[in-house]
Amino acid sequence: MNQYDLKGQIAVITGAARGIGYAAAERLLASGAFVAIWDVDRQVAEKAAAMLGNTDRVFAVGVDISVWEQVEQATAETTDKFDGIDILVNNAGIAGPNMPVWEFPIDTWRQIVDIDLNGVFLCCRSVVPVMLRKKTGRIVNVASVAGKEGNPNAAAYSAAKAGVIGLTKSLAKELAHTDIRVNALTPATAETDILKQLSVEQIDYMRSRIPIGRLGTTEENAAMIAFMCSPDCSFTTGAVFDTSGGRCTY
Ligand SMILES: NC(=O)c1ccc[n+]([C@@H]2O[C@H](COP(=O)([O-])OP(=O)(O)OC[C@H]3O[C@@H](n4cnc5c(N)ncnc54)[C@H](O)[C@@H]3O)[C@@H](O)[C@H]2O)c1
C-alpha cells in the first residue's frame, strides 16, 4: 500500500463505519493521520474504530449528517478530541430505491437529497471555518458517475450527486486563495453494502456500463481518496477524479 506523509493530520471521514469510507480510514491511518469516523450507525462505527486498532488515533462519532445540530456537535467533539480538522472526506451516502421519476415517493426523494447533497453542504458549512483558522486543508466529496451521467431509475441519487459536483466546484473557487483544496470523486459501482439497496437489474446495468468489465473495489477508491487528501494534491481544486473503470472518460 502506497503511503503519503499525513503524520499528525486530523481527518474526518463521514460514513466510514463500512465500505469506501472504512477503506479510506485504513489508508489515512496507515499514512499517519488521526481519523474521526462520523457515521449515523454509531455501533458499527465503534466496531470499525476497534477493528482499525489505532485506539489513540481513531475514534467514532455518531452523527446524522443531514441534521445541522448533530453535525455541529460532531465538529465540536472532534476538535475537542483532536484539536483541529485538516481533512474532510464527505463520503456518507445512501442509494435509495430504483424506480422512475413519475413513481418516486416524495419523502424518499427528499431523504436522499437531504443526506447525499445537503449533508455534504452541512459538513462543509461546519468544518470549513475550522480549516480556515490554519488556511490549509483537503476536502474530498464522494459523488458518483451517476452525477455525471444520470442513471435511469435513480434520479434522486443522480441529481444529488450532480449537486455535489457543483458544490465542489463553487467551494473550491471560494477557497482557492487558501491552501484548502476541494475535489470530488466519481466512482462507478463498487462492491459494498450500498448495493443491498439496489435491484439486481440495476446492478447488472451498472456493471455492463464499465469497460474494464468488473466492479471497483473499496481499496481502489481509497487509494484515490488518499492522494486527494495529501499535500501532493496542491495544484488541483474543483476537479472531478474518476474511479469508474473507463465508464466516464471526461
Ligand atoms: N459502492 C458504490 O457502488 C458507489 C458508487 C458510486 C458512489 N458511491 C458513493 O460512495 C459513498 C460510500 O458508499 P459505500 O458504497 O461505501 O456505501 P456503504 O453503504 O457501504 O456505506 C455508507 C455509510 O454511510 C453511512 N450513512 C448513511 N447515511 C448517513 C447519514 N445520514 N449520516 C451519517 N452517515 C450515514 C452508513 O451508515 C454507512 O456506514 C457514498 O456517498 C456513495 O454514494 C458508492
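This text goes with the structure placed above it.
Residues numbered from 1 in each chain as written. Predicted model: local features only at pLDDT ≥ 70, side-chain atom pairs only at ≥ 80, totals over all residues.

Draft legend 1. Geometry of the nonpolar core. Judged by nonpolar contacts, the single largest core of 74 residues is most densely connected at A11 and I37. Per-element accounting of this core gives the leading share, nine residues, to helix α4 (residues 106–134). In this structure A11 touches L28, A33, F34, V35, D86, I87, V89 and C229, once residues within four positions along its chain are discounted. (Core = buried A, V, L, I, M, F, W, Y, C linked by C-beta atoms within 7 Å. Buried ≥ 20, exposed ≤ 12 C-beta atoms within 10 Å, placed from the backbone. Helix = DSSP H or I, 4+ residues; strand = E, 2+ residues; numbered from the N terminus. Contact = placed C-beta atoms within 7 Å.)

Draft legend 2. Expanded view of the site of the ligand. Among the 28 residues in the neighbourhood of the ligand, the closest are listed as G15, G19, G93, T192 and I194. Secondary-structure elements contributing two or more residues to the shell around the ligand are α1 (19–30) and α4. The leading source of residues in the shell around the ligand is α1, at three residues. Residues of the shell around the ligand, tallied by class, amount to 12 nonpolar, 11 polar and five charged. (Near = placed C-beta within 6 Å. Nonpolar A, V, L, I, M, F, W, Y, C, P; charged D, E, K, R; others polar.)

Draft legend 3. Structural context of the sheet that holds strand β4 (residues 87–90). With respect to topology, seven strands assemble into an open sheet ordered β3-β2-β1-β4-β5-β6-β7, the strand pairing being parallel. Of all the strands in the sheet, just β3 (58–62) and β7 (240–243) have a single pairing partner and so form its edges. Averaged over neighbouring strand pairs, the angle between their axes works out to 20° when direction is ignored. Of the strands in this sheet, β1 (10–14), β2 (34–39), β3, β4 and β5 (136–142) touch α1, which is tilted by about 170° from β1. Where α4 meets the sheet, it contacts β1, β4, β5 and β6 (179–187), and its direction lies at approximately 165° from that of β5. (Pairing = 2+ DSSP bridges. Axes fitted to C-alpha atoms, helices over the stretch in contact; angles between N-to-C directions.)

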